[in-house]
Amino acid sequence: MSHPKTLLLTGASRGIGHATVKHFNAAGWRVFTASRQDWVEDCPWAEGVLNHIHLDLEDIHSVEASLPLLREKLGGRLDALVNNAGISPKGEEGERLGVLASDYGTWLKVFNVNLFSTALLARGLFDELKAAQGSVINVTSIAGSRVHPFAGAAYACSKAALAALTREMAHDFGPYGVRVNAIAPGEIETSILSSGTEQIVERDIPLHRLGQPEEVAALVHFLCTRGASYVNGAEIHVNGGQHV
């Protein structure tokens, strides 16, 4: 009897992460989630709370310290690691933080969560990924390749760096049968959208609508299946054509 495949996803409590967890669960995967928030009660399956790991990606030492617990829970194999957690700090009035408004603490916090923890998690769980011939998906952003009206400078730079990390990991992990890809969402209908997004939809998105979290989740799932078995080191735009 074959074992169900195993997913570990960071930042599962809302939006894209929440939709992705639901999609993989419906496809019969064992789902483990890790985030700074506690388990969200409205999630759709009973074992969710047991398979949730409290992980503060801002605290790099705690990420390293959590690895033994993660390994124990995974039980030797990890078919998919989805690095979805990300933070995008705003100013006191909700404004974007450009370079002039970003202090060192902001840069460090954003890069710890959006970049450094991702590299350390993949490194720490590499044996489990290798055992499963697994797949890593990094969630980047349209803001990683162009200035965005709402996403700040530290966030944009961290996402550009995450695209580069995806390349590096694809190169390093590929020889072991572990594929690494990124998806770059544009304006997806979640709670983190800023007011003013309506103008972007009409002006910049050829499909003239927001994306749905499930549309992103379905792509993440596809990248972890046999249909994508020769896709490695790619960054796929999920933005309705906004990047054109």
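Residues numbered from 1 in each chain as written. Predicted model: local features only at pLDDT ≥ 70, side-chain atom pairs only at ≥ 80, totals over all residues. Heavy atoms only, no water.

A. Examining the pairing of strand E1 (residues 6–10) more closely. For E1, the buried fraction is high: 5 of the 5 residues fall into the buried class. Direction of pairing for E1 relative to strand E2 (residues 30–35): parallel, over a ladder of 5 bridges. The residue bridging Thr 10 from the neighbouring strand is Ala 34, located in E2. Assessed by its sense of winding, the connection that carries the chain from E1 through helix H1 (residues 15–26) to E2 is right-handed. (Buried < 20%, exposed > 50% of the residue type's maximum accessible area, 1.4 Å probe, protein only. Helix = DSSP H or I, 4+ residues; strand = E, 2+ residues; numbered from the N terminus. Pairing = 2+ DSSP bridges. Right-handed = clockwise from strand over helix to strand, strands pointing away.)

B. Spotlight on helix H6 (residues 197–204). Of all the positions in H6, only Thr 197, Ile 200 and Val 201 are classed as buried. Looking straight down H6, one finds that the buried residues subtend no more than 100° of arc, so they occupy a single side. When the buried face of H6 is taken as reference, the exposed residues oriented beyond 90 degrees from it are Glu 198, Glu 202 and Arg 203. (Arc of directions from axis to C-beta.)

C. Representation of the packing of aromatic side chains in the model. Under the counting rule described, the total for this entry stands at 5 aromatic pairs. Aromatic pair Phe 111 and Phe 116: ring centres 5.9 Å apart, planes at 50°, arrangement tilted. Owing to a relative accessible area of 15%, Phe 111 belongs among the buried residues under this scheme. Each ring, one from Phe 126 and one from Tyr 176, has its centre 5.3 Å from the other, and the planes form 85°; the classification is edge-to-face. Pair noted here: Phe 126 is in helix H4 (residues 126–132) and Tyr 176 is in the loop between helix H5 (153–173) and strand E6 (179–185), with a separation of 50 residues, a long-range link. The exposure class assigned to Phe 126 is buried, which follows from its relative accessible area of 14%. Residue classification places Tyr 176 among the partly exposed residues on the basis of a relative accessible area of 42%. Linked through ring pairs, Trp 107, Phe 111 and Phe 116 together constitute an aromatic cluster. (Phe/Tyr/Trp six-rings, centres within 6.5 Å; stacked < 30°, edge-to-face > 60°.)

D. Focus on the nonpolar core. Core analysis: the biggest nonpolar cluster contains 32 residues, and Leu 8, Leu 81, Leu 121 and Leu 125 have the highest contact counts within it. Among the secondary structure elements, those contributing two or more residues to this core are E2, helix H2 (60–74), helix H3 (104–124), H4 and H5. Not counting residues within four places of it along the chain, the set of residues in contact with Leu 125 comprises Leu 8, Leu 67, Leu 70, Arg 71, Leu 74 and Leu 78. Grouped together as the second largest cluster of nonpolar side chains are 21 residues, Phe 24, Ile 188, Val 216 and Val 238 included. (Core = buried A, V, L, I, M, F, W, Y, C linked by side-chain atoms within 4.5 Å. Contact = heavy atoms within 4.5 Å.)

E. Molecular detail of the pattern of salt bridges. Enumeration according to the criterion identifies 3 salt bridges in this entry. For Asp 204, the salt bridge is made with Arg 203, and the minimal N-O distance between the two is 3.2 Å. The exposure class of Asp 204 is partly exposed, given its relative accessible area of 23%. Take Arg 203: its relative accessible area is 57%, and that puts it in the exposed class. (Salt bridge = Lys/Arg side-chain N within 4 Å of Asp/Glu carboxyl O.)

F. Expanded view of the side chain of Ser 135. Within the fold, Ser 135 resides in strand E5 (residues 135–139). Classification of Ser 135 by relative accessible area gives buried; the value is 2%. Within polar-contact distance, the side chain of Ser 135 engages the backbone oxygen of Leu 223 at 3.5 Å. Apart from residues lying up to four places away in sequence, Ser 135 is in contact with Asp 79, Ala 80, Leu 81, Leu 129, Arg 179, Leu 223 and Cys 224. (Polar contact = N/O pair within 3.5 Å; in protein donor to acceptor, adjacent residues only side chain to side chain.)

G. Structural view of the packing of H1 against helix H7 (residues 213–223). Interaxial distance between H1 and H7 falls to 8 Å at its minimum, and their mutual angle equals 55°. The orientation of H1 relative to H7 falls into the category oblique. As for how H1 packs across H7, the hand of that crossing is right-handed. Judged by residue contacts, Gly 15, Ile 16, Ala 19, Thr 20, His 23 and Phe 24 of H1 engage Pro 213, Glu 214, Val 216, Ala 217, Ala 218, Val 220 and His 221 from H7. Of the residues that constitute the contact of H1 with H7, the class distribution is 8 nonpolar, 4 polar and 1 charged. (Axes fitted to C-alpha atoms, helices over the stretch in contact; angles between N-to-C directions. Parallel < 35°, antiparallel > 145°, perpendicular 65-115°, else oblique. Left-handed = near helix turned anticlockwise from the far one by under 90°. Nonpolar A, V, L, I, M, F, W, Y, C, P; charged D, E, K, R; others polar.)

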